Amino acid sequence: GENVEQHPSTLSVQEGDSAVIKCTYSDSASNYFPWYKQELGKRPQLIIDIRSNVGEKKDQRIAVTLNKTAKHFSLHITETQPEDSAVYFCAATPPDTGRRALTFGSGTRLQVQP
Amino acid sequence: GAVVSQHPSWVICKSGTSVKIECRSLDFQATTMFWYRQFPKQSLMLMATSNEGSKATYEQGVEKDKFLINHASLTLSTLTVTSAHPEDSSFYICSAGGAGGFGDEQFFGPGTRLTVL
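Residues numbered from 1 in each chain as written. Chains lettered and ligands numbered in written order. Predicted model: local features only at pLDDT ≥ 70, side-chain atom pairs only at ≥ 80, totals over all residues. Heavy atoms only, no water.

Some details on the state of the cysteines
Here is the idea: a disulfide is a covalent bond, and it sits between the sulfur atoms of two cysteines. Applying the stated criterion to the full structure yields two disulfides over all chains. The partner cysteine of A:Cys23 in its disulfide is A:Cys90, sulfur to sulfur 1.9 Å. Disulfide A:Cys23 to A:Cys90: torsion about the S-S bond roughly -95°, handedness left-handed. With a gap of 67 residues between them, A:Cys23 in strand S3 (residues 19–25) and A:Cys90 in strand S9 (residues 86–92) connect regions that are remote in the sequence. The two residues A:Cys23 and A:Cys90 agree in class, both being buried. Among the cysteines around B:Cys13, which has no disulfide bond, B:Cys94 carries the closest sulfur, lying 18 Å off. The exposure class assigned to B:Cys13 is buried, which follows from its relative accessible area of 9%. (Disulfide = S-S within 2.5 Å. Helix = DSSP H or I, 4+ residues; strand = E, 2+ residues; numbered from the N terminus. Buried < 20%, exposed > 50% of the residue type's maximum accessible area, 1.4 Å probe, protein only.)

Notes on the pairing of strand S7 (residues 62–67) of chain A
Sheet faces and side chains relate simply in a regular strand, where the side chains alternate between the two faces. Residue and element names in this part refer to chain A. Here four bridges tie strand S6 (residues 56–59) to S7, and the two strands are oriented antiparallel to one another. Bridge pairing in S7 places Asp-59 opposite Ile-62. Where S6 hands over to S7, the hairpin turn is made up of two residues, of which Gln-60 adopts a positive phi near 60°. Direction of pairing for S7 relative to strand S8 (residues 72–77): antiparallel, over a ladder of six bridges. (Pairing = 2+ DSSP bridges.)

A few points about the sheet that holds S3(A)
Residues and elements named next belong to chain A. Taken in spatial order, the five strands make up an open sheet running S1-S3-S8-S7-S6, and their pairing is antiparallel. A single partner strand is all that each edge strand has here, and the edge strands are strand S1 (4–7) and S6. In this sheet, neighbouring strand axes are inclined to one another by 15° on average, regardless of whether the strands run parallel or antiparallel. (Axes fitted to C-alpha atoms, helices over the stretch in contact; angles between N-to-C directions.)

Quick look at the sheet that holds strand S7 (residues 67–73) of chain B
Residue and element names in this part refer to chain B. Strand order in the open sheet made by the four strands is S1-S3-S8-S7, with antiparallel pairing throughout. Of all strands in the sheet, those bounded by a partner on one side alone are strand S1 (4–7) and S7. On average, each strand axis in the sheet is inclined to that of its neighbour by 15°, with strand direction left out of account. Here S1 pairs with strand S3 (residues 19–25) via four bridges, running antiparallel. By the bridge assignment for S3, His-7 is matched with Glu-22.

Here is the structure:
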């Protein structure tokens, strides 16, 4: 099955700096890669996603890049703000073969220092 | 996006009792729902895939006789933790989507915090 590794486990940046979180996946058939932000006790919130036919996607301060050959994808947050502090998870899912469950990375705790 | 609800949002029970958690898709029909478990400071781990009208598919290491899943309709899946023990204390989250008009996106319920005393 799919295995997703995520680094770093914790990340502390100064407000205004950029933050980068990296993930690798094992199943070359995976074709959908979402990123979630989770605050304590809350459900995961989708912040951006990318499909395997796209190499990069951007939404305001957030961007995701995908390298299918290397099987890794990254989340980039620019101009970080204290409210960006949370746990971020990457995930991967295979094509629609009747099993579209997400395989999550281990998470990155981002702390943005004011 | 679509809306998924869960009930209850939190529950405290005594060891040995059973707890039922409901997951509902409020504005769409979900033939498949997923149940995840999240221990403190850990990631979400898939427990099982709930299929409407058929048996659930459990992940390796998840006891199907302990975590009973029923997907009786296109909008409701239930997870029953039978004979709960303190080690079952966790955050349980369901999701639906990933198909049809919603494309790949999964929609998560708000989660249920289970504490077993």
